[in-house]
Amino acid sequence: RKPKAQDRGRRTDMISLRWLPPLLLLVEVASAFSPVSTTAAATTPGVGNRRHGVTNHQQLSMLSSEVNGDGYTEGKSQLNGFQRFLTRTLMCSYITSMCVALPTTLFPIYLLHKFRIIDRAQKEKTSLRVGQFCSRWMMRVFPFAKKVVVVDKETHEADPQPTIWACNHISMLDVFFVLALDKRMRGKKRRPIKILYWKGLESNPVTRLLFQMCGFIPVEMEDNGNGNKNQYDPKSFKSMLKSTKQAIEEGFDIGILPEGQPNPTPELGLQPVYGGAFTLARMSRRPIQMLSLYGLHKMWHPDGSMGCSQRQMKVRVYPQAERMYKDSEEFATTFEAVSGTFGATGRDLPKQELQMWLDGTMWQTELARRASVETTKQNQEDQRQPEDAKIGQMN
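Before going into details, it helps to say that this report is about the structure given with it. All of these numbers come straight from a predicted model, not from anything done at the bench. (Residues numbered from 1 in each chain as written. Predicted model: local features only at pLDDT ≥ 70, side-chain atom pairs only at ≥ 80, totals over all residues. Heavy atoms only, no water.)

### Examining the pairing of strand β4 (residues 146–151)
Put simply, the rule is: The rule is simple: take the accessible area with a 1.4 Å probe, protein chains only, and divide by the maximum for that residue type; under 20% is buried, over 50% is exposed, in between is partly exposed. Secondary structure elements follow DSSP: runs of H or I of four or more residues count as helices, runs of E of two or more count as strands, with numbering from the N terminus. Should DSSP find at least two bridges between two strands, the strands are taken to pair.
With respect to burial, β4 is a largely interior element, 6 of its 6 residues being buried. Alternating positions in β4 separate into two faces, K146, V148 and V150 on one and K147, V149 and V151 on the other, with burial throughout. Looking at chain direction, β4 and strand β10 (residues 312–317) are connected through 6 bridges and run parallel. Within β10, the residue paired with V150 across the bridge is R316.

Encoded structure:
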């Protein structure tokens, strides 16, 4: 989507897309989730989804990890002017290199498919691997970010099950990290994946080439700006569901962003969560596995600015679960609490509370709390009715 720079005077902290070569619009690919170095999951107290008031805990202890020799430290001071300039330069160089590498490496696969040497499914799976290879190596050549993947060892090494992957969406960089770090995030045995994305991103030829070659699934909606309510085109749902069902039958996992757009204020929790992930899980009878990103919005913000105030990013991969959500509200509330907390703070909820959200115990507690509140309100209303009747008779 077109960036909306709110402070054009801060030229040292912001670079608008119009200042870059047109091909740099590939960064708008922001339709996914992401991850580097795999670290064992450490659970520390967290702050819940403050936007929706799920939880609000005390100050959290530091969670640190080591990635390619670079230590990640929460709360590290922001970059100075030169460091921002260097980070921004490396990031732009990375994006430019991807704009060259992707068409060059995907074109032979296109020819193989065109001359019917490989079928469509082979084309899509090979294109996905090539895109991941390009993104991973270009990120090593232009190391603009320090990256941490937080994942349980059992989850990382487990045999993959057919899954619907749901992740928060915080930056225009998300999909680059998905491509580069998918192996670190989902393990060596990972299944191929297709991601649902906003069809408007096809306005860029490089983005269109990548997504169509990988067989990603488009969703049509209005370009009404980040932070505003999504307006989907209902006519596109039938085609989207058909493509998703076909991908599931061909052995692909499905990746979806329940918020539907980049979140301009992830520190306040998630934007409204839509029920698409639940619908796909119910349709395919697959469990939902959650991911959460942190920190990328401080490099490239959804409003189009490239502040680069820090280089660290993290992704949390939550354990596989056999739990099947009963309705979209149950999924949305759980996703807000779990993914929203990590996206806001870079830390998990307290270990016991996190486990209760993941296994559904906390949702049952929430339902009991709501029932109790409703009962209290009803009792208060019943008590007021006789009093109101007496007052009416006296009048």
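### Let's talk about a nonpolar patch on the surface
Rule in force here: Patch building starts from residues that exceed 30% relative accessible area and form no salt bridge, then joins like charges within 9 Å and nonpolar side chains (Val, Leu, Ile, Met, Phe, Trp, Tyr) within 5 Å. Per-residue and other accessible areas were derived by the Shrake-Rupley procedure at a 1.4 Å probe size, with only the shown protein chains allowed to occlude residues. Salt bridges are identified by distance alone: a Lys or Arg side-chain nitrogen within 4 Å of an Asp or Glu carboxyl oxygen.
A cluster of nonpolar side chains, contributed by F107, Y110, L111, L112, F115 and I117, occupies part of the molecular surface with about 600 Å² of accessible area. Residue position: I117 is located in the loop between α1 (81–114) and α2 (120–141).

### Digging into the environment of T89
Definition in use: Polar contacts, as counted here, are pairs of nitrogen or oxygen atoms within 3.5 Å of one another; within protein the pair requires one atom able to donate a hydrogen and one able to accept it, and residues that are adjacent in sequence qualify only if both atoms are side-chain atoms.
Residue placement: T89 occurs in helix α1. You can call T89 partly exposed: its relative accessible area is 34%. Taking C-alpha positions, T89 is 8.3 Å from F144, a pair spaced 55 residues apart along the chain. A distance of 2.8 Å separates a polar side-chain atom of T89 from the backbone oxygen of F85.

### Quick look at the packing of α2 against helix α4 (residues 174–186)
For clarity, the threshold we go by: Axes here refer to lines fitted to C-alpha atoms; in helices the fit is confined to the stretch in contact. Angles between the N-to-C directions go from 0 to 180 degrees. Convention used here: angles under 35 degrees read as roughly parallel, angles over 145 as roughly antiparallel, angles from 65 to 115 as roughly perpendicular, and any remaining angle as oblique. Pairs of residues are marked as contacts when any of their non-hydrogen atoms sit within 4.5 Å. By the convention adopted, Pro, Cys, Tyr, Trp, Phe, Met, Ile, Leu, Val and Ala count as nonpolar, Lys, Arg, Asp and Glu as charged, and the other residues, Gly among them, as polar.
At a minimum axis separation of 8 Å, α2 and α4 run at an interaxial angle of 95 degrees. The pairing of α2 with α4 is recorded here as roughly perpendicular in orientation. Where α2 abuts α4, its residues L128, G131, Q132, S135, R136 and M139 lie against F176, F177, L179, A180 and D182. When grouped by side-chain class, the residues that make up the contact of α2 with α4 number 6 nonpolar, 3 polar and 2 charged.

### Points about the nonpolar core
Filter applied, for reference: Buried Ala, Val, Leu, Ile, Met, Phe, Trp, Tyr and Cys residues form a nonpolar core when they are joined through side-chain atoms within 4.5 Å.
Counting residues in each nonpolar core, the largest one holds 55 residues, and the members touching the most others are M91, F144, L173, F177 and M299. Counting residues per element, this core draws most heavily on α1, at 10 residues. Those residues within four positions of M299 in sequence are excluded, and the remaining contacts are M91, F144, A145, L173, S305, M306, G307, C308, Q310, R311, Q312 and M313. Counting residues in hydrophobic clusters, the runner-up holds 33 residues, among them V219, I256, L280 and Y325.

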